[in-house]
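Take a look at the letters that make up each chain.
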Amino acid sequence: MFENPPERWIDEWRASLRLAAPLVGANLLQMAVFAVDVVFVARLGPEALAASSLSVALFGLLIWSLTGLVGAASPLIAAELGRRRHAVREVRRTVRMAGWVGLVAAFVAIAVCLLGGPLMRLTGQQPGVIALAVPFLQVLMWAAIPAVLGALLRTVVATLGRPGIGTAITGLGVAVNALGNWIFVFGHWGAPALGLTGSAVSSVVTSTAMLFAYALVIRCDRRLHRYRLLGRWWRPEWRRLRDVLAIGLPICGTIIAEAGMFNGAAFLMGRIGESELAAHTVALQFAAIAFQVPFGVAQAATIRVGLAYGAGNARGIARAGLVATQLGIGFMALSAGAMLLFPHTLLRLYIDPAAPENARVVVLAVQYMMVAAAFQLFDGAQAVGAGMLRGLQDTRMPMLIALFGYWVPGVGTALWLGLYTPLGGLGVWIGLLVGLIFVAGLLHWRWARRARLGLLPA
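A short tour of the structure in this document, coming up. (Residues numbered from 1 in each chain as written. Predicted model: local features only at pLDDT ≥ 70, side-chain atom pairs only at ≥ 80, totals over all residues. Heavy atoms only, no water.)

### Here's the deal with the overall build of the chain
Logical step 1: When its secondary structure is counted, the chain shows 17 helices and 0 strands.
Logical step 2: Buried residues in the chain amount to 54% of all 458 residues.
Logical step 3: For the chain, long-range pairs separated by at least 24 residues make up 83% of all intrachain contacts whose partners lie at least 6 apart in sequence.
Logical step 4: Working note: accessible area of the chain is about 19700 Å², and carbon and sulfur atoms make up 67% of it.
Logical step 5: With 36 positive and 18 negative side-chain charges, the chain shows a spacing of 12 Å between the two charge centroids. (Helix = DSSP H or I, 4+ residues; strand = E, 2+ residues; numbered from the N terminus. Buried < 20%, exposed > 50% of the residue type's maximum accessible area, 1.4 Å probe, protein only. Contact = heavy atoms within 4.5 Å. Areas by Shrake-Rupley, 256 points an atom, 1.4 Å probe, with all protein chains shown as cover. Lys, Arg positive; Asp, Glu negative; His and termini not counted. Charge placed at Lys NZ, Arg CZ, Asp CG, Glu CD.)

### Remarks on the side chain of Arg92
Logical step 1: Relative to the assigned elements, Arg92 resides in helix α4 (residues 88–114).
Logical step 2: Among buried Asp, Glu, Lys and Arg side chains, Arg92 stands out as unpaired, with Glu237 the closest opposite charge at 7.9 Å.
Logical step 3: Those residues within four positions of Arg92 in sequence are excluded, and the remaining contacts are Tyr227, Arg228, Leu229 and Gly231. (Salt bridge = Lys/Arg side-chain N within 4 Å of Asp/Glu carboxyl O.)

### Some thoughts on the environment of Pro75
Logical step 1: Relative to the helices and strands, Pro75 is located in helix α3 (residues 73–83).
Logical step 2: A C-alpha to C-alpha distance of 6.3 Å links Pro75 and Gln393, two positions 318 residues apart in sequence.
Logical step 3: Ignoring sequence-local partners within four residues, the contact set of Pro75 consists of Ile247, Thr302, Arg390, Gly391 and Gln393.

### A short note on the environment of Tyr406
Logical step 1: Residue placement: Tyr406 occurs in helix α16 (residues 396–420).
Logical step 2: Note on Tyr406: relative accessible area 0%, which makes it buried.
Logical step 3: Contact partners of Tyr406, with chain neighbours within four places excluded, come to Ala257, Glu258, Met261, Gln382, Val411, Gly435, Leu436 and Val439.
Logical step 4: At a separation of 3.1 Å, a polar atom in the side chain of Tyr406 contacts the side chain of Gln382. (Polar contact = N/O pair within 3.5 Å; in protein donor to acceptor, adjacent residues only side chain to side chain.)

### Remarks on the pattern of salt bridges
Logical step 1: Scanning the entire structure with this criterion turns up 13 salt bridges.
Logical step 2: Of the charged contacts, one joins Arg14 and Asp11 as a salt bridge, the two residues approaching to 3.7 Å between their closest N and O atoms. Of this pair, Arg14 and Asp11 both sit in helix α1 (residues 9–41), 3 residues apart, which is roughly one turn of that helix.
Logical step 3: The exposure class assigned to Arg14 is partly exposed, which follows from its relative accessible area of 46%.
Logical step 4: The partner of Glu90 in a salt bridge is Arg93, and the shortest N-O contact between them spans 3.1 Å. Residue Glu90 and its partner Arg93 are located together in helix α4, separated by 3 residues, close to a single helical turn.
Logical step 5: Ionic contacts of the salt-bridge type, sharing partners, join the residues Glu80, Arg83, Glu90, Arg93, Arg96, Glu237, Arg239, Arg240 and Asp243 into one network.

### As for the packing of helix α11 (residues 238–272) against α16
Logical step 1: It is at 8 Å that the axes of α11 and α16 come closest, and there the two elements cross at 5°. Judged by the inter-axis angle, α11 sits roughly parallel to α16.
Logical step 2: By residue class, the composition of the contact of α11 with α16 is 16 nonpolar, 5 polar and 3 charged. (Axes fitted to C-alpha atoms, helices over the stretch in contact; angles between N-to-C directions. Parallel < 35°, antiparallel > 145°, perpendicular 65-115°, else oblique. Nonpolar A, V, L, I, M, F, W, Y, C, P; charged D, E, K, R; others polar.)

### Things to note about the side chain of Gln382
Logical step 1: The residue Gln382 is located in helix α15 (residues 359–391) in this model.
Logical step 2: Here Asp379 takes part through its side chain, which lies 2.9 Å from a polar atom of the side chain of Gln382.

### Remarks on helix α13 (residues 314–341)
Given 3.6 residues to a turn, an α-helix orients residues that are three or four positions apart in the same direction.
Logical step 1: Relative to the 40 Å expected for 28 residues at 1.5 Å per residue, α13 spans 41 Å between its end C-alpha atoms, a close match to the ideal helical length.
Logical step 2: If you check the start of α13, you find a side-chain oxygen 3.2 Å away from the backbone N of Arg315, and it comes from Asn313. (Expected span 1.5 Å × (residues − 1).)

### Considering the state of the cysteines
Logical step 1: Summed over all chains, the structure comprises 0 disulfides.
Logical step 2: Cys113 forms no disulfide, and the closest cysteine sulfur to it belongs to Cys252, at a distance of 14 Å.
Logical step 3: Since its relative accessible area comes to 11%, Cys252 is described here as buried. (Disulfide = S-S within 2.5 Å.)

### Some points on unusual backbone geometry
Logical step 1: Phi at Arg228 takes a positive value of approximately 45°, unusual for a residue other than glycine.
Logical step 2: With respect to the helices and strands, Arg228 occurs in the loop between α10 (222–225) and α11.
Logical step 3: Positive phi, normally seen in glycine, also occurs at Gln393, with a value near 60°.
Logical step 4: With respect to the secondary-structure elements, Gln393 resides in the loop between α15 and α16.

### Thoughts on a nonpolar patch on the surface
Logical step 1: A contiguous nonpolar surface patch, about 650 Å² in accessible area, is contributed by Met397, Leu400, Leu403, Phe404, Trp407, Val408, Phe438 and Leu442.
Logical step 2: Counting only elements with at least two residues in the nonpolar patch, the list comes to α16 and α17 (425–448).
Logical step 3: In terms of residue count, α16 provides more of the nonpolar patch than any other element does, 6 residues in total.
Logical step 4: Secondary-structure assignment places Leu442 in helix α17. (Patch = residues over 30% accessible without salt bridge, like charges linked within 9 Å, V, L, I, M, F, W, Y side chains within 5 Å.)

### A few points about the packing of aromatic side chains
Logical step 1: Summed over all chains, the structure comprises 9 aromatic pairs.
Logical step 2: When the centroid spacing of 5.7 Å and the interplanar angle of 10° are considered together, the rings of Tyr368 and Trp429 count as stacked. Of this pair, Tyr368 sits in helix α15 while Trp429 is found in helix α17, placing the two residues 61 residues apart along the sequence. As far as the burial class goes, Tyr368 and Trp429 line up, both buried.
Logical step 3: On the basis of an interplanar angle of 75° and a centroid distance of 6.3 Å, the ring pair of Phe404 and Phe438 is categorised as edge-to-face. Placement of Phe404 in helix α16 and of Phe438 in helix α17 is noted, with a sequence separation of 34 residues between them.
Logical step 4: By relative accessible area, Phe404 is classed as partly exposed at 39%.
Logical step 5: Pairwise contacts between aromatic rings join Phe262, Tyr368, Phe375 and Trp429 into one cluster.
Logical step 6: Cation over ring: Arg450 sits above Trp447, and NZ or CZ is 4.4 Å from the ring centre. (Phe/Tyr/Trp six-rings, centres within 6.5 Å; stacked < 30°, edge-to-face > 60°. Lys NZ or Arg CZ within 6 Å of the ring centre and 35° of its normal.)

Here it is in structure tokens:
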């Protein structure tokens, strides 16, 4: 995987697919880890499920954004490997400093979680839900440290040519979380029945188990062990720390900008009506699942472009970017076709479309899925575009593009059409589409002008 960028298109396709497939698998399995919590907590009642959903929404946003922060390790390591095959010391320095950043950031996330109660009261949540959510979040927050460090190691092993390790360990996480929920939520094998708090305990155990699994594999795998990634962790490398922050902080900001738009859309839907919010939640599930494919392709693009960037190979950069774009948008075209042709079949996975009480939700969800069909193409394009630019270590301007595109045309259109026109919920989805169109277009415009903008290696 660390050879010079291939000269043949078919070789680039093969290399990209070998890298992207396990990354996509790991992303889908990560969604399954969270889905396991919902399955068990739902049995405790709607109030417990609402408390869990609120807490996980806050915690998930924090962890997702911090995963982007430590994800700066990927383009830095890829560039070092592209420059020279045996970049052991430089790789270790990058991992060490990204680990320092991740550890400090995890404690910041814990501090934010401690403010969960006031934040929920500020957003007008029900007192009974807050009373359940606060103790749940105060246990869940301790998963931040292993979750962020585990995300770093997952990124590192993929960049070092072992992407399948992340898939296997995330699959292990699904099994551990299911077992942990069974033991701690309902009380089995001599453990007390902790109810909702038991699900948080299971999440902490799962994140910790996954972190130890990465550490074990890194020590035992011959290719990974030679880098001694966990060695000399106390030694500072201030220049590399600045590199990690310079690349990682804008990635973190980009994620918050995008997630903020989607979370804001849910609040808008709640103001419009309960049926609109329910239909929005169901329709968005399909988009979220499909998004994991271009997201994995984008992660692979960062590595493939980064390797060519380090090698100073402009043709390799262009080839890796084009293949990633074809892969990401090609899959999303298939996903869009499924939404257009089989909306009721897809809805049947979550609700019964034939049930009279679901009639309005079904009508609305089908409308939203028609917009989501176009939405899919641009969502895939923006994800891959951002991933390619990260391979060039270009993250600051993409963050500014995301802040503008998602919050000015995107949220602005959603507010106007959703609250001040008869379109209602459909207008909110049109706003999401507008935001994605702007961001995808600007990111790919920047990629197309990479040479003129001085983004290519000298």
